[in-house]
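Fold and geometry: a report
Residues per chain are reported as follows:
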Amino acid sequence: PVAAVDVRKLIETSSAGKSIQVALKAKRDVLQKEANAFEKKMRDQEQALIQERKTIKPEDFEVKKKAFEENFVKTRQSIVKKTTDLDNQRKAALRKLQEQIAQATADIADEKKIKIVVDRELVVIVDQTLDLTDEVLKKVDERVKSIPLE
């Protein structure tokens, strides 16, 4: 016998999948606020430097300009690193969820003596009696309520 599961649906609708999405949104919002604040601060500093240029010596301006550029690059790199770290956290959490989905699917397949289970996205037509998604969802939700971003 063959069956199918909708992995995307399981990721989106399971308690653990929802917890990942909520945590990601919260961290993305914080990161976006930080990026917006950085952008505003840099624009303000740039305008101040442009105004100051009229009143200071060229060599003093170059020193301040260089410090501004170094600060810009350093802060931008920090934001890029935080974004990359968040993406890695997302991937790790999704891997953990997919492991739970695979284990729950394997358990159900064993119980029902199913030899092959395919992802629903790979199948054009499937009889609803062969779709294990709801059973897998129930089992995953029983086993894991949330997966933290680490």
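Every chain is numbered independently, its residues counted from 1 as its sequence is written. Local features are withheld for residues below a pLDDT of 70 in this predicted model, meaning they are given only at 70 or higher, and side-chain atom pairs are given and counted only at 80 or more; totals for whole chains, interfaces and linings count all residues. Values shown for side chains rest on all heavy atoms present in the structure; no hydrogens or waters enter the calculation.

1. A word on the packing of helix H2 (residues 15–53) against helix H3 (residues 58–112)
When two helices pack together, their arrangement is given by the angle between their axes and by how far apart the axes lie. At a minimum axis distance of 11 Å, the contact between H2 and H3 shows a crossing angle of 175°. The angle between the axes of H2 and H3 places the two elements in the roughly antiparallel class. Note on residue categories: nonpolar means Ala, Val, Leu, Ile, Met, Phe, Trp, Tyr, Cys or Pro, charged means Asp, Glu, Lys or Arg, and polar means any other residue, Gly included. The residue makeup of the contact of H2 with H3, split by class, is 16 nonpolar, 6 polar and 12 charged. Orientation is described by axes fitted as lines to C-alpha atoms, over the contacting stretch for helices, and by angles from 0 to 180 degrees between their N-to-C directions. Each helix corresponds to a stretch of at least 4 residues labelled H or I by DSSP, and each strand to a stretch of at least 2 residues labelled E; elements are numbered beginning at the N terminus. Should an angle lie under 35 degrees it is considered roughly parallel, over 145 roughly antiparallel, and from 65 to 115 roughly perpendicular; all remaining angles are considered oblique.

2. Some details on the nonpolar core
In these notes, a set of buried Ala, Val, Leu, Ile, Met, Phe, Trp, Tyr and Cys residues joined through side-chain atoms within 4.5 Å is what counts as a nonpolar core. Burial classes: relative accessible area under 20% of the type maximum marks a residue as buried, over 50% as exposed, and values in between as partly exposed (1.4 Å probe, protein chains only). Counting residues in hydrophobic clusters, the biggest one holds 25 residues, and the most contacted among them are Ile20, Leu97, Ile101, Leu132, Val136, Val140 and Ile147. For this core, the secondary-structure elements that each account for two or more residues are strand S1 (2–5), helix H1 (7–13), H2, H3 and helix H4 (133–143). Counting residues per element, this core draws most heavily on H3, which supplies 8 residues. Note on contacts: a residue pair is in contact if any heavy atoms of the two residues lie within 4.5 Å. Sequence-distant contacts of Val140, defined by excluding residues within four places in its chain, comprise Ser14, Leu97, Gln100, Ile101 and Ala104. One finds Ala35, Phe38, Met42 and Leu49 within the second-largest nonpolar core, a separate group that totals 7 residues.

Function cannot be read off these values alone, since they describe shape.
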